[in-house]
Amino acid sequence: MADVTKNIPVSGPNMEELGIPIATLPNLRRVDSTNKIFRSSRQDLVSPEDCKKLNQLGIRTILDFRSPSEYKLASGNKLFDANTEIVSTLVPSKKNRDSPIRTKKVTVNPPGPEYESRVKRRYLFDFFQFNYIKAIFVRATWYQQLISLLYLIVDLIMRNHFKYFVRYFGVTVLNPAGLGQQYIDILEYSSTQIQIALRLLSEPENLPALISCAHGKDRTGIVVALVQLLLGKSTDYVAEEYALSEIGLQGIRQRVEVEIIDRFHFDESFTHARKETMLTTLQYIYDTYGSVESYLEYIGLGKEDQEKLKQALEAE
């Protein structure tokens, strides 16, 4: 079996150097040169043979930026989660965000295989909680808000996980603002989730780690960008590495379009990972906070925490 952990020096970002060829896990690649962090789309559909290849990476922690309900609803046998403890991260209030990380065990139905001891742990993060939804809601006109509440009632009656509510805001608010604005909203309104994720990455016992979401492009792309900037990568490098998802997702382009356009009626641009989208996001960080370090301090990751994260990821 080929060694998928081969240590190829990373210079400019390209899929030939960073990509890891596992057929049933699109968009899988290394984030750093020491094989401490990997990124990918969701692992729910990984085949038994590819699970063996993926396990060669020695992953201890999966930072999965999907909510428990999104994780449970996703198709696939989730074979990679054998011997995995699955927990949901509990988001504290801003005044308590320096408190110890709290989690809640997630019961999977049907339950996964029993394990005698933890081999790895999957942390689920709900990026779209009340403060995020509220920020989007108040941008709509009063009559759009009223219509959306009617859709919300329908969703609650039908128990379809807010599909029509999200569709309506996708068409009326999110599409006109664009994908770059959604990234900025995540930076602002999902900042505590980002801070918790970075704190987990700063603990050597959690490494190597795999960062993922549905497609490994948006939520994953933002957190990976922050890590890379903290490690000294240029904005061009970060934006170009983000854009590699255009290549990484080519094999499942139809599935991406079904899950983004058909399901939620988002604009076609939301299916892409274009360099300029990430550059817009990074420019917002610099314009608003001055530096990535200042942004991280603002969200509760102080200078000592940042140094701890860098040491954990740079250690050989």
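Located above this text is the structure these notes cover.
Analysis parameters
Residues numbered from 1 in each chain as written. Predicted model: local features only at pLDDT ≥ 70, side-chain atom pairs only at ≥ 80, totals over all residues. Heavy atoms only, no water. Axes fitted to C-alpha atoms, helices over the stretch in contact; angles between N-to-C directions. Helix = DSSP H or I, 4+ residues; strand = E, 2+ residues; numbered from the N terminus. Parallel < 35°, antiparallel > 145°, perpendicular 65-115°, else oblique. Contact = heavy atoms within 4.5 Å. Nonpolar A, V, L, I, M, F, W, Y, C, P; charged D, E, K, R; others polar. Buried < 20%, exposed > 50% of the residue type's maximum accessible area, 1.4 Å probe, protein only. Pairing = 2+ DSSP bridges. Expected span 1.5 Å × (residues − 1). Arc of directions from axis to C-beta. Left-handed = near helix turned anticlockwise from the far one by under 90°.

Peer 1: Just to check I follow, could you spell out the packing of helix H6 (residues 163-177) against helix H12 (residues 253-264) for this structure?
Peer 2: A packed helix pair is summarised by two numbers, namely the angle formed by the two axes and the spacing between the axes. Where H6 meets H12, the axes come as close as 9 Å, and the angle between the chain directions of the two elements is 90°. Between H6 and H12, the interaxial angle falls into the category roughly perpendicular. When H6 is examined against H12, the residues Lys163, Val166 and Arg167 are found in contact with a partner set consisting of Asp262, Arg263 and Phe264. Residue composition of the contact of H6 with H12, grouped by class: 2 nonpolar, no polar and 4 charged.

Peer 1: Honestly, the pairing of strand S3 (residues 61-64) in this entry has me stumped. Any pointers?
Peer 2: Each regular strand shows side chains that alternate between the opposite faces of the sheet. Of the two faces of S3, the one carrying Thr61 and Leu63 and the one carrying Ile62 and Asp64 are both buried. Both S3 and strand S6 (residues 120-124) contribute to a ladder of 4 bridges, which runs parallel. Bridge pairing in S6 places Ile62 opposite Arg122. Bridge count for S3 against strand S7 (residues 209-212) is 4 bridges, and the pairing is parallel. Within the sheet, the bridge partner assigned to Thr61 lies in S7 and is Ala209.

Peer 1: How should H12 be read in this particular structure?
Peer 2: Because an α-helix packs 3.6 residues into every turn, residues spaced three or four apart end up facing the same way. With 12 residues, H12 should reach 16 Å at 1.5 Å per residue; the first-to-last C-alpha distance of 16 Å fits that figure. Those residues of H12 not exposed but buried are Arg253, Val256 and Ile260. Angularly, the buried residues of H12 cover 70° about the axis, an arc narrow enough to put them on a single face. The inward-facing, buried residues of H12 contact helix H11 (245-248). One or two positions beyond H12, positive phi appears at His265, with a value near 60°.

Peer 1: Is there a simple way to think about the packing of helix H9 (residues 219-230) against helix H10 (residues 235-243) in this case?
Peer 2: It is the contact of H9 with H10, at a shortest axis distance of 10 Å, that shows an interaxial angle of 150°. Taken together, the axis directions place H9 and H10 in an arrangement best described as roughly antiparallel. As H9 packs across H10, the resulting crossing turns out to be right-handed. Packed against H9, whose contacting residues are Gly221, Val224, Ala225, Gln228 and Leu229, the element H10 presents Thr235, Tyr237, Val238, Glu241 and Tyr242 at the interface.

Peer 1: In this structure, what is going on with helix H2 (residues 48-55)? I would like to understand it.
Peer 2: Along H2, the residues classified as buried are Asp50, Cys51 and Leu54. Buried residues of H2, viewed axially, fall in a sector of 110°; they line one side.

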